[in-house]
Amino acid sequence: MVVYVDMKHVAPQVGRELKKGSAELLVLSLLAGRPRHGYEIGKLIEERSDGVLRYNVASLYPLLYRLEKKGLVDGRWVEKAGQRRRRYYRLTPRGKSMLKERRSLFAEFVLAMNRVTGGEHA
Amino acid sequence: MPEWKDEVRASLVGLELEPAREAEIVEELAQHLDERFGDLVTRGVAPEEARRTLVGELRGGGLAAQLARVTPRARPAIAPGEERRGVLLSGVLGDLKYAARQLRLNPGFAAVAILSLALGTGANTAIFQILDAVRLRALPVAKPQELAGVKIAGKASRTGWFSGRNPDLTNAVWEALRDRQQAFSQIAAWGTDRLDLSKGGEARYADTLFVSGSFFETLDVRPVLGRLLTPADDRRGCGSAGVVLSDAFFRRELGGDASILGRTVSLEGHPFEVIGVTPPAFFGVEVGRRFDVALPICADALIYVETRRSTSPSAWWLGSIGRLAPGWTAERASAHLAAISPGIFQDTLPPRYDAVDAKGYLAFRLGATPAASGVSSLRRRYESPLVLLMAIAGLVLLIACANLANLMLARASARQKEMAVRLALGASRGRLVRQLMAESLLVACLGAACGTALAQALSRLLVAFLSTQRAPLFVDLAAGGRVLGFTIALAFATCILFGLTPAIQAARIAPGEALKANARGISGGRGRFGVRRVLVVSQVALSLVLLLDAGFRRENIVVAEIDLTRAKLPAERRAFAKTELLDRIRAIPGVSSAAIVAVVPVSGNGWNETLRLPSSDTKGEVANFNRVSPGYFETMGTPFLGGRDFDGRDVPGGPKVAIVTQTFVRKFLKDGNPIGKTFAQAGEAGKPDLVYEVVGIVKDAKYTDLREEFTPIVFLPEAQDTELAPDLRIVVRSELPPAGVIASMKRTLSDASPAAVLVFSKLETTIKEALLRERLMATLSGFFGVLAALLAMVGLYGVISYMVARRRNEIGVRIALGAERRDIVKLVMSEAARLLGIGLVAGTVLALAAATTARALLYGLTPGDPGTVAGAVFVLAAVAALASFLPARRAAGFDPVRALRDE
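Residues numbered from 1 in each chain as written. Chains lettered and ligands numbered in written order. Predicted model: local features only at pLDDT ≥ 70, side-chain atom pairs only at ≥ 80, totals over all residues. Heavy atoms only, no water.

Caption draft 1: Focus on the overall build of chain A. The helix and strand tally for chain A stands at four helices and three strands. Mapped in sequence order, the helices and strands of chain A form the string α-β-α-α-β-β-α. Out of the 122 residues in chain A, the part that is buried amounts to 42%. Contacts in chain A between residues far apart in sequence, at least 24 positions, make up 49% of those at least 6 positions apart. (Helix = DSSP H or I, 4+ residues; strand = E, 2+ residues; numbered from the N terminus. Buried < 20%, exposed > 50% of the residue type's maximum accessible area, 1.4 Å probe, protein only. Contact = heavy atoms within 4.5 Å.)

Written out as structure tokens, the structure is:
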């Protein structure tokens, strides 16, 4: 479950878009380096956010399938010797350009937030 | 370790995912949960506690709802043969999609099937479209159902002068009818004519309506420009009358210039002021014709100074149409009209009539008939030919259906295994029939769609064909709901005709049999083949019926009509002027002979008189009359059987002479040598009879119409004509092409008499136009015949090829046992010959029956004419032989070893 306490006072539709958008951004960022399977993605999000952000099975997979449907990621079953097969996700070219766009948007957003919220202390 | 797969599966219940996709999701999520469970346990969480957490996450996260948004639901599985009871047409869309796929896989089959159906439905729709336009559609006026036509009821034998396309009433009868009737709230009359727009030189005609003042009011037509004619415009002796133009004429001739109002148009050299224009949709009351100019009946006296129809008591030239008064029906109006008829006819009795004619005249009764769809000579003339054509087109469609049924059967046997598999998997036969019918329906609909497009072109072509220079045809061919309905009905009917039997046949197979190795027998089963044989036999028979058609004849004569009215020649100068014109034409290089004639043969015009014969006490035999100058018979190529041609001896004051035809002699001058005998023509009331001496006998010739039997004809010398009209007709025979002769004549005549109005026509064209119906029938039935024969041959080829393929084993065995190639060809050809033979016999019988029915419509066709039948049979047999020889040769070329080993 992702907790976005800081979004509480944002207008509801903006909040929904941001929520969805930032969740997608998290997954796309994690896939930027190399293909990963679902469990690994969920685990990395939890670890890198020090447990602040956490996805469970019921929210992570619908998100992955949605990205797949949009053509941003591509899931493939990969079999390795001595292991059971796993489904690996990797970025499609469209996913890559989307990630670039989202990253800069998010950076701008964070910068703007910081300017406003951090202004009092400057 | 918990069984995660079951847990995941349980949380997906109700999603109806595609099975393969669901399996993947279950596998992926179960893995995830597995690993997470392992992690938690490793971190020291109690297994039971870890399980509870994970199950909570799985169930509480709204997985199903979120997945529903991103994963497609499974489509209802296509299970061939599955029946969903409850919903009647469920799965039809699937059937159609499958059918479309099947057609795409067999483009050759699809093309042949759709094309032959398109030709069949196209022909039928085109003819129906014309029938609809001519026969079924209401006039484009307000409340057409209130309209009724008035004419003399029953078969009345009238004498007098007939003019125009609806010569129902004389002007006197019309005026009496108008003044005395009470059945109609409004009643109108009209007469048709062609009037010359030119101011001299070669004539240019406008289709003209002479209308009563009430005409437009009765039909409730409103002007788009100016005003229309009213009763005030139509008074006897009206001075300069105003005229109303049709919208089409207004646009065509005057470029739609609104300032035309108040200006004049020239009709027969007289100026008429334009007062208004009718709406575009209004064409008059006669379906198939369009008027250009309408002028009041009283204007007849202005135009025809010497021969006025409006004042002649025996000139039949008007039709009448009225709007029934509220509460009146056509029947009640008829009864009313019959009651007032005696008074009307008593008061309008033409004084020229003798006792016999007068008695008939006084017995006439007027009657009313519903006229919501207007009146039409076109309808009378073309209705039965169109129905006959429709029947022919229907036959072609039947043949096309038979062909398709054959193709379908062939396909069915090719798909035998598919059907067997489906049956074995549990499909019901009904379901298979439905699937196959969906294919037929698709083909039928595509065929009908192409056919409808084709029909638009075909019907316009037909109308163009029926249109002649003198009588341009105008039919509104906009395809309405009725035509659309007809085509749709046709599509469904054809679908059932060609699809049902093959579909039932295909579904009737025994799956076990069909699935066995190759279902190979020594010779393919006969039972199934029977249907195809019957189909081919009927195709051959039907196409034979259509191959029999009619011929027509041609001549090479030019007719010049010369109107000298505008030269204003005094009567005593006319004879001289006519002779001079004739001499000038005879002097034109290339003209071999020329003569003056009063009634041009087969032009549709006529002149008859009552005879008084010494040999009989008859109350009056009637003969056709004509007046010709010397050289007429030579020009027309009519041989003399005795006596002499007219010559210089036949002068105005001399003894009255006549040349008669052989039928005249046979009927009226039976005994002894007819030359020198006399007969008399009944004089007008109060005048003595005219006695003529026969000086020559000629071979029979057609008079008004090529379709009529030969009638007795009396030819009188032009030189003895005492009432010379200011116009004349000259027939010219030449060795040069008609176009050149016409050009020379035009120059010569214009030089001789600049005021003359000239019309030229080729007799060949006149005859052609007179035989339009026959030509139309001949051309179309010929076309349909060839089409049908082609279709039949495709069918025969298909059946024989199929037979050869089925009997491959048998033929292989025969060859292996020592049969010669010749024997194999003979074997196959004899099968084809048998089918052809039965088809030809059945076809001949059918054709003879059909020809007897069609005889009334087809000039020159002798039913059972052995030559025609033999010709058609020969053509059909020759093509059939070719169609079956190809597969026969293929069979003879089988390698016996391969034929036996294959499959």
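Caption draft 2: Looking closely at unusual backbone geometry. All names here are of chain B. One non-glycine residue, E16, lies in the positive phi region at around 50°. Structurally, E16 is set in the loop between α1 (4–11) and α2 (19–42). Even without glycine at this site, E268 takes up a positive phi of about 50°. Locating E268 in the fold gives a position in the loop between β9 (264–267) and β10 (270–277).

Caption draft 3: The packing of α1 of chain B against helix α3 (residues 47–60) of chain B, seen in detail. Residue and element names in this part refer to chain B. Across the interface, α1 lies against α3 with an axial gap of 10 Å and an inter-helix angle of 25°. Considering their axes alone, α1 and α3 lie roughly parallel with respect to each other. Once α1 is placed against α3, the crossing between them reads as right-handed. Seen from α1, the contacting residues are W4, E7, V8 and S11; seen from α3, they are R51, L54, V55, L58 and R59. Across the contact of α1 with α3, the residue classes break down as five nonpolar, one polar and three charged. (Axes fitted to C-alpha atoms, helices over the stretch in contact; angles between N-to-C directions. Parallel < 35°, antiparallel > 145°, perpendicular 65-115°, else oblique. Left-handed = near helix turned anticlockwise from the far one by under 90°. Nonpolar A, V, L, I, M, F, W, Y, C, P; charged D, E, K, R; others polar.)

Caption draft 4: Focus on the pattern of salt bridges. Under the criterion given, the structure shown has 41 salt bridges over all chains. For the salt bridge of E40 of chain A with R34 of chain A, the shortest nitrogen-to-oxygen distance reads 2.9 Å. On the basis of relative accessibility, which here comes to 17%, the residue E40 of chain A falls in the buried class. Linking R644 of chain B and D650 of chain B is a salt bridge whose minimum nitrogen-to-oxygen distance equals 3.0 Å. What emerges from the salt-bridge pattern is a single network uniting E24, R66, K70 and R102 of chain A. (Salt bridge = Lys/Arg side-chain N within 4 Å of Asp/Glu carboxyl O.)

Caption draft 5: Up close: the interface of chain A and chain B. Listed per partner, the contact involves 23 residues of chain A and 21 residues of chain B. Of the roughly 2,200 Å² buried between chain A and chain B on both sides combined, carbon and sulfur atoms contribute 49%. Sorting the residues of chain A by area buried against chain B places Y39, V57 and Y65 of chain A first, and these three jointly supply 32% of that buried surface. For the pair chain A and chain B, the interface holds six salt bridges. With its nearest N and O atoms 2.0 Å apart, the salt bridge here joins E35 of chain B to R86 of chain A. Where chain A touches chain B, the interface holds twelve residue pairs in polar contact (both at pLDDT 80 or more). Taken together, the elements giving at least two residues each to the side of chain A that touches chain B come down to α2 (38–48), α3 (57–69) and β3 (86–91) of chain A. It is α3 of chain A that contributes the most residues to the side of chain A that touches chain B, ten residues altogether. (Buried area = accessible area lost by both parts, 1.4 Å probe. Polar contact = N/O pair within 3.5 Å; in protein donor to acceptor, adjacent residues only side chain to side chain.)

Caption draft 6: Expanded view of the environment of D583 of chain B. Its place among the elements puts D583 of chain B in helix α19 (residues 571–586). In this structure, the C-alpha to C-alpha distance between D583 of chain B and A595 of chain B, residues twelve residues apart in sequence, is 9.4 Å.

Caption draft 7: Structural view of the packing of aromatic side chains. Residues and elements named next belong to chain B. A full pass over the atoms with the stated rule returns 24 aromatic pairs over all chains. With a centroid separation of 6.5 Å and an interplanar angle of 50°, the aromatic rings of W190 and F215 are classed as tilted. Residue W190 is found in strand β4 (residues 184–196), and its partner F215 is found in helix α8 (residues 215–219); the two are separated by 25 residues along the sequence. Take W190 and F215: they sit in the same class, and that class is buried. Taken together, a centroid distance of 5.2 Å and an interplanar angle of 90° make the contact between F345 and Y361 edge-to-face. Of this pair, F345 sits in helix α11 (residues 330–347) while Y361 sits in helix α12 (residues 355–362), and the two are 16 residues apart along the sequence. Here F345 falls in the buried class, since its relative accessible area comes to 0%. Classification of Y361 as buried rests on a relative accessible area of 1%. (Phe/Tyr/Trp six-rings, centres within 6.5 Å; stacked < 30°, edge-to-face > 60°.)

Caption draft 8: The arrangement of the nonpolar core in detail. Residues and elements named next belong to chain B. Core analysis: the biggest nonpolar cluster contains 51 residues, and L177, F184, V243, F272, L295 and L366 have the highest contact counts within it. L177 has contacts with V150, L169, I187, S320, L337, I344 and L366, leaving out every residue within four places of it along the chain. Counting residues in hydrophobic clusters, the runner-up holds 49 residues, among them C401, L432, L490 and C495. (Core = buried A, V, L, I, M, F, W, Y, C linked by side-chain atoms within 4.5 Å.)

Caption draft 9: Looking closely at the pairing of strand β17 (residues 621–628) of chain B. All names here are of chain B. Of all eight residues making up β17, six are buried, and the element is well covered by its neighbours. Examined bridge by bridge, strand β16 (residues 608–612) and β17 share four bridges and lie antiparallel to one another. Considered in β17, the bridge of E609 is made with A623. (Pairing = 2+ DSSP bridges.)

Caption draft 10: Quick look at the sheet that holds β3 of chain A. All names here are of chain A. Spatial strand order, β1-β3-β2: three strands in an open sheet with antiparallel pairing. The sheet terminates laterally at β1 (36–37) and β2 (73–78), the two strands that pair on one side only. Sheet analysis places β2 next to β3, joined by six bridges and oriented antiparallel. Looking at the pairing, D74 lines up with R90 of β3.

Caption draft 11: Highlighting the packing of α1 of chain B against α2 of chain B. Residue and element names in this part refer to chain B. Contact pair α1 / α2: the axes reach a minimum separation of 8 Å and the direction vectors enclose 125°. Relative to α2, α1 is oriented oblique. Of the two elements, α1 crosses α2, and the hand of that crossing is right-handed. Each of W4, K5, V8 and R9 in α1 lies in contact with α2, whose residues at this interface are E22, V26, E27, L29, A30, L33, D34 and F37.

Caption draft 12: Expanded view of α1 of chain B. All names here are of chain B. Along α1, the positions that sit buried rather than exposed are W4, E7, V8 and S11. One side of α1 carries all its buried residues, which in axial view fall inside an arc of 95°. Residues of α1 that are buried in the fold lie against α2, α3 and α4 (63–70). (Arc of directions from axis to C-beta.)

Caption draft 13: Structural detail: the pairing of strand β6 (residues 205–211) of chain B. Residues and elements named next belong to chain B. Among the seven residues that make up β6, six are buried, leaving the element largely enclosed by the rest of the structure. Where β4 meets β6, seven bridges bridge the pair, whose relative direction is antiparallel. Its bridge partner being in β6, D196 is matched across the sheet by Y205. Bridge count between β6 and strand β11 (residues 293–296): four bridges; the pairing is parallel. Directly across from L209, in β11, lies its bridge partner A294.

Caption draft 14: The arrangement of helix α16 (residues 481–507) of chain B in detail. Spanning 27 residues, α16 of chain B covers 37 Å between terminal C-alpha atoms, matching the ideal 39 Å at 1.5 Å per step. Its maximal kink placed at G499 of chain B, α16 of chain B deviates by approximately 40°, while the proline P502 of chain B follows within four residues. (Expected span 1.5 Å × (residues − 1). Bend = angle between axes of the 7 residues up to and from the residue.)

Caption draft 15: Quick look at a nonpolar patch on the surface. There is a patch of nonpolar side chains on the surface, built from L484, I488 and F492 of chain B and spanning about 300 Å² of accessible area. By the secondary structure assignment, I488 of chain B is in helix α16. (Patch = residues over 30% accessible without salt bridge, like charges linked within 9 Å, V, L, I, M, F, W, Y side chains within 5 Å. Areas by Shrake-Rupley, 256 points an atom, 1.4 Å probe, with all protein chains shown as cover.)

Caption draft 16: Spotlight on the side chain of Q435 of chain B. Tracing the sequence through the fold places Q435 of chain B in helix α15 (residues 429–466). Other than its neighbours up to four places away in sequence, Q435 of chain B contacts D95, Y98, A99 and R422 of chain B.

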